[in-house]
Amino acid sequence: MTVSVPCPSIVTVVTALAVAVVGWYLANARNTTIIHDESHRHYMTLYEAPFEKIRERMREEVRRVLRESKSTVVTVRLLTPHECALIVFEAERHTKDRGWTTKRHMRYPTTDVPMSDLPMGNTLVLHRVYRRIVPKIVSVFEFDRELVDVNDLFLIRYTAGRQNSLGCHKDGSLFSFIVPLNDDFEGGGTQLPCEGGDVMKPDVGHAIVFCGQQMHRGLPVTRGTRYVLAGFLREMDLKDGS
């Protein structure tokens, strides 16, 4: 017997997201303050230091990662499946009238929407990135926490018959992550490296974190629509100068 599941209204979804965010804030207000205080101290430490010393420190860190950890890939549980579904719903509601963007990334454009346009999901994702992904980068890649910051967050849509894949490329970031937001499609997956590399298909809500300078690609979706949360993390948006 087929069971019909009613689609939640926008009021229901927005209310659920609001309750989740407010509930998290009330439960973690002290920790949030600590995160903001720590970020402020990191920024002040960097800006008070001589610029050339910062650049040299950056070069050393970047060269070491590219030399020692370029092929490293780690998995981090970032979101629950329910949270993923709510973010996708918010994106589809937002793009229903405004459309998806296709020109934000020059060389390898994707059909996407910036997370900054999705206020409820963006608040949740940013918090999780700083609490779960950034510490993992610091511990696994042994990268200086003061030099890591989020540069870009966006939600990609791959659809069979439209833009269903992304060619072999490297990102404009030192670190990148990809989070599948659904699994009701066929095909897809992230292959890294491009030639002969593993095809990564983590569970919904689990991020794969890797060096953005490693060549990788999004494989074709053959049926349905694949939603992916992608993030670029750079070191305070400063160039490594290499």
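Everything here concerns the structure above.
Keep in mind that this is a model prediction, so the values were computed, not measured.

A. Up close: the side chain of Ser176. Its place among the elements puts Ser176 in strand β5 (residues 175-180). Residue classification places Ser176 among the buried residues on the basis of a relative accessible area of 1%. Only 2.7 Å separates the side chain of Ser176 from the side chain of Asp171, close enough to count as a polar contact. Apart from residues lying up to four places away in sequence, Ser176 is in contact with Asp171, Ile208, Val209, Phe210, Gly212, Gly231 and Phe232.

B. Looking closely at the pattern of salt bridges. Overall, the coordinates contain nine salt bridges when judged by the stated rule. Across the pair Glu56 and Arg63 runs a salt bridge whose closest N-O atoms are separated by 3.5 Å. For Arg63, a relative accessible area of 36% puts it in the partly exposed group. Arg64 is the salt-bridge partner of Glu61, the closest N and O atoms lying 3.7 Å from each other. Of the two residues, Glu61 and Arg64 both sit in helix α2 (residues 51-68), three residues apart, roughly one turn of that helix. Assessed through its relative accessible area of 15%, Glu61 is described here as buried. We classify Arg64 as buried; its relative accessible area is 13%. One connected set of salt bridges, linked through shared partners, spans Glu61, Arg64, Arg67 and Glu68.

C. The arrangement of the sheet that holds strand β7 (residues 190-192) in detail. Ordered in space as β4-β10-β7-β8, the four strands form an open sheet in which the pairing is antiparallel. The two strands at the open ends of the sheet, each matched to only one other strand, are β4 (166-169) and β8 (198-200). Averaged over neighbouring strand pairs, the angle between their axes works out to 15 degrees when direction is ignored. Pairing analysis gives three bridges linking β7 to β8, with the strands arranged antiparallel. Residue pairing in the sheet places Leu192 in a bridge with Asp198 of β8.

D. Spotlight on helix α3 (residues 81-98). The first and last C-alpha atoms of α3 sit 26 Å apart over 18 residues, in line with the 26 Å expected at 1.5 Å per residue. Residues of α3 that are buried include every one of Glu83, Cys84, Leu86, Ile87, Val88, Phe89, Glu90, Ala91, His94 and Thr95, and no others. Among the residues trailing α3, Gly99 stands out with phi positive, at a value near 80 degrees.

E. Focus on the state of the cysteines. Counted under the stated rule, the structure contains one disulfide. Paired through a disulfide, Cys168 and Cys194 show a sulfur-sulfur distance of 2.0 Å. Taking the torsion about the sulfur-sulfur bond, which here is approximately 105 degrees, the covalent link between Cys168 and Cys194 counts as right-handed. In this pair, Cys168 sits in strand β4 while Cys194 sits in the loop between β7 and β8, placing the two residues 26 residues apart along the sequence. Relative accessible area serves as the criterion here: at 4%, Cys194 is assigned to the buried category.

F. Broad picture of the nonpolar core. Among the nonpolar cores identified, the biggest contains 40 residues, and Leu155, Phe177 and Leu181 are the most heavily contacted of them. Every element with two or more residues in this core is listed here: α2, β1 (73-77), α3, α4 (119-140), β3 (149-159), β5, β9 (206-211) and β12 (225-234). It is α4 that contributes the most residues to this core, six residues altogether. Excluding residues that lie within four positions of it along the chain, Leu181 makes contacts with Leu79, Cys84, Ile87, Val88, Leu155, Val204, Tyr227, Val228 and Leu229.

G. Representation of the packing of α3 against α4. Interaxial distance between α3 and α4 falls to 9 Å at its minimum, and their mutual angle equals 140 degrees. Taken together, the axes of α3 and α4 are oblique relative to one another. As for the relative orientation of α3 and α4, their crossing is left-handed in sense. Contact residues: Glu83, Ile87 and Glu90 in α3; Pro119, Met120, Gly121, Leu124, Val125 and Arg128 in α4. Looking at the contact of α3 with α4, its residues break down into five nonpolar, one polar and three charged.

H. Examining the pairing of β5 more closely. Among the six residues in β5, six count as buried, and that is most of the element. Residues Phe175, Phe177 and Val179 of β5 are buried on one face, and the alternating residues Ser176, Ile178 and Pro180, pointing to the opposite face, are buried as well. Pairing of β5 with β9 involves four bridges; the strand directions are antiparallel. Residue pairing across strands places Ile178 opposite Ile208, the latter belonging to β9. When β5 meets β12, the two strands line up antiparallel, connected through six bridges. Residue pairing across strands places Phe175 opposite Leu233, the latter belonging to β12.

Definitions and limits used
Residues numbered from 1 in each chain as written. Predicted model: local features only at pLDDT ≥ 70, side-chain atom pairs only at ≥ 80, totals over all residues. Heavy atoms only, no water. Helix = DSSP H or I, 4+ residues; strand = E, 2+ residues; numbered from the N terminus. Buried < 20%, exposed > 50% of the residue type's maximum accessible area, 1.4 Å probe, protein only. Polar contact = N/O pair within 3.5 Å; in protein donor to acceptor, adjacent residues only side chain to side chain. Contact = heavy atoms within 4.5 Å. Salt bridge = Lys/Arg side-chain N within 4 Å of Asp/Glu carboxyl O. Pairing = 2+ DSSP bridges. Axes fitted to C-alpha atoms, helices over the stretch in contact; angles between N-to-C directions. Expected span 1.5 Å × (residues − 1). Disulfide = S-S within 2.5 Å. Core = buried A, V, L, I, M, F, W, Y, C linked by side-chain atoms within 4.5 Å. Parallel < 35°, antiparallel > 145°, perpendicular 65-115°, else oblique. Left-handed = near helix turned anticlockwise from the far one by under 90°. Nonpolar A, V, L, I, M, F, W, Y, C, P; charged D, E, K, R; others polar.

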